[in-house]
Every structure is written in structure tokens, then in C-alpha cells.
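Now for the letters of each chain:
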Amino acid sequence: MEYISNSDKETTNISNEFTSHLKGGEVLCLYGDLGSGKTVFAQGMINYFLPKKRVLSPTFIIVRHYQIDHQIIKRFLHIDLYRMTDIKEIRELEFFEYLNQPDTIVAIEWAEKMEDLLPKERVDIRLKTLSDQTRL
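Residues numbered from 1 in each chain as written. Predicted model: local features only at pLDDT ≥ 70, side-chain atom pairs only at ≥ 80, totals over all residues. Heavy atoms only, no water.

**Some points on the overall build of the chain**
Part 1: Counting its regular elements, the chain contains three helices and five strands.
Part 2: In the chain, the order of α-helices and β-strands from amino to carboxyl end is α-β-α-β-β-α-β-β.
Part 3: For the chain, whose C-alpha radius of gyration is 14 Å, the value lies close to the compact-globule estimate of 14 Å for 136 residues.
Part 4: Over its C-alpha atoms, taken along the principal directions, the chain stretches across nearly 35 × 35 × 25 Å. (Helix = DSSP H or I, 4+ residues; strand = E, 2+ residues; numbered from the N terminus. Rg over C-alpha atoms; globule rule 2.2 N^0.38 Å.)

As C-alpha cells, this is what we get:
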């Protein structure tokens, strides 16, 4: 399925619609160049569950945990591997136990940096910059 977005707001709306179908246990791998909208998409997913929460990029922290008050989904992990350069560093991060847990959603930006460590059961989301404002 493909969508065109002409603004951060439209990307957030697409993200919210996508998130409304999640059941828990999903590992979401976000791919795309710098500035393609990965963080905006992830922020939209988190704000679906926590509408008033200020969601910051985990670029420097690497992993942000969010507690969710949902019937099934209790945790959302937002991971940003942009600054990671060594697969050994990635292996040391404390999030692997949450992959494919039925009460957790894990969104990984720059997932290609851990391609060999990703679970087979996952959702790949590819974002592409088409112009200054337009994203695919």
C-alpha cells in the first residue's frame, strides 16, 4: 500500500490510521533517508495511544520506552539507530526481550543497521522524500 503525504500533519494522520490496526506484538521497521519522515511517523504512532504526550526523537538516547494504558498494548518502544555504527553496540541495547511481545509495539528507525538481528515477523515501512514537502 502506498500513501502520499504533503505535510507532517498528513504523515501523522496516515500514521494514526495505520496504528489503529495494530494488535500488539508488532515490530515496525522504518526505512528512509534522513528527513524522509520516519520520526514523524513514529511520533504519530505514539500519539495515537498518548495524544497529549510530547514525543521526542530518541536519536541521542537510542531507545525511549512509553507506558500505554490500552486494553492489550502496555508498552511502545521507539528506537533510533541513526548514531549506531557497530552491530556489537546494537546487540548490547536493552530492547531485544521486547521484540514480538504481545503487549508491546516496537518501532525501529534505521532498522537496516540491524538487518541480521531483526525478527522474521515484522512490518517494513519505507518512506521516501519526493520533494521538500512531499513524502511517499
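Don't stop here, the text continues.
**A closer look at helix α2 (residues 38-49)**
Part 1: Counted at 1.5 Å a residue, the expected span for α2 with its 12 residues is 16 Å, and the 18 Å between its end C-alpha atoms agrees.
Part 2: Buried residues belonging to α2 abut α1 (8-19), β1 (27-31), β2 (63-67), β3 (75-80), β4 (104-109) and β5 (123-126). (Expected span 1.5 Å × (residues − 1). Contact = heavy atoms within 4.5 Å.)

**Observations regarding the sheet that holds β4**
Part 1: A sheet is described by the order of its strands in space; here five strands give the open sequence β2-β3-β4-β1-β5, paired in mixed fashion. Among the strands making up the open sheet, the edge pair consists of β2 and β5. The sheet shows a mean angle of 15° between the axes of neighbouring strands, taken without regard to direction.
Part 2: Sheet topology note: the β1/β4 ladder contains four bridges and is parallel. Directly across from Cys29, in β4, lies its bridge partner Ile108. (Pairing = 2+ DSSP bridges. Axes fitted to C-alpha atoms, helices over the stretch in contact; angles between N-to-C directions.)

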